[in-house]
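The primary structure of each chain is shown beneath.
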Amino acid sequence: MIPAFVEAGAPELIRVTAPSEATIEGQWQGHALQFFPAKTATGERPHSGGVWYALAGVDVESPLGPSTLKITVHAHNTSREIASTIAIHPAHYRTSSITVEPKFVEPGPEDKKRIEAAAKAKEKAFAESADHPLWSGNFVAPVNAQPTDSFGTRRMFNGKLASIHKGTDFRAHSGTPVLAGNSGIVILAQPLYFEGNCVMIDHGLGLTSISMHLSRIDVRPGEPVKKGQLLGLSGATGRVTGPHLHWAIRWQGGYLDPAKLLKLNLNNLR
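None of these values were measured; they are calculated from a predicted model. (Residues numbered from 1 in each chain as written. Predicted model: local features only at pLDDT ≥ 70, side-chain atom pairs only at ≥ 80, totals over all residues. Heavy atoms only, no water.)

A. Quick look at the packing of aromatic side chains. What the rule picks out here adds up to four aromatic pairs. Here the aromatic rings of phenylalanine 170 and tryptophan 247 are separated by 6.4 Å at their centres, their planes lie at 65°, and the arrangement is edge-to-face. Taken together, the positions of phenylalanine 170 in strand β13 (residues 168-171) and tryptophan 247 in strand β20 (residues 245-251) put the pair 77 residues apart, joining distant regions of the chain. Owing to a relative accessible area of 3%, phenylalanine 170 belongs among the buried residues under this scheme. An aromatic cluster is built from Phe36, Tyr53 and Trp135, whose rings are joined through pairwise contacts. (Phe/Tyr/Trp six-rings, centres within 6.5 Å; stacked < 30°, edge-to-face > 60°. Helix = DSSP H or I, 4+ residues; strand = E, 2+ residues; numbered from the N terminus. Buried < 20%, exposed > 50% of the residue type's maximum accessible area, 1.4 Å probe, protein only.)

In structure tokens form, the structure reads like this:
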């Protein structure tokens, strides 16, 4: 498990040694793990044996304490079971209070229709993901701007609505270029009620990056993108207090700390 100390909200690499022809299955926290073989120095799969990885994570709201990781390796007509207890530790997040337009706390009938439409669009976008990694190497920051420690913050909106901030905010002025954190396929590129102008990228195996509050969108659904490619410009659309970029990382329905993903060494895996 990389990193070995597992916190709520953290992305994790799970490493298994197995033959190249093996089939590997895994379960952790109710999620199916999808393993892929690491490439050799020449970029090819090993012929006899090697290292397999799964990129997983712990949702920011996951229960704390012990969890069970189960892995089964099928190879040469035999099966090998691996079970391990993984302790999930708390991450210490702040509490804050912010003020937004009243419609984002107490939406009217027309706004509720827009919220419902946005929910359906997100559900459709999240319904499928590539069955292999689309990303390559380390993730990079989506803007050349200062990030904040806003992930996981418990927020009160107008003193009434409590929520957990499930992304990292970057201090980006309106018009700042927003780039793809890694390669993938655009699965959503449209205005949403709370998120404003939003772009979602499928990176494969249930991993998605989400850029919110854009002033302009420059990509379309179904379009493949490369790491560092322009997605649009930052702005102040949706539920915001001012211009910034909200960047979220989602894995199989859970939200991970983007700052921790940026520190995770994924080079030489794909």
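Moving on from the model shown.
B. View of the pattern of salt bridges. Enumeration according to the criterion identifies eight salt bridges in this entry. Of the charged contacts, one joins glutamate 61 and lysine 166 as a salt bridge, the two residues approaching to 2.8 Å between their closest N and O atoms. Here glutamate 61, found in the loop between β6 (49-57) and β7 (65-75), pairs with lysine 166, found in the loop between β12 (161-164) and β13; they are 105 residues apart in sequence, far enough to count as distant. The class for glutamate 61 is partly exposed, based on a relative accessible area of 46%. Residue arginine 114 is joined to aspartate 111 by a salt bridge in which the shortest nitrogen-to-oxygen separation is 3.8 Å. Separated by three residues within a single helix, arginine 114 and aspartate 111 lie in helix α1 (residues 109-126), roughly one turn from each other. (Salt bridge = Lys/Arg side-chain N within 4 Å of Asp/Glu carboxyl O.)

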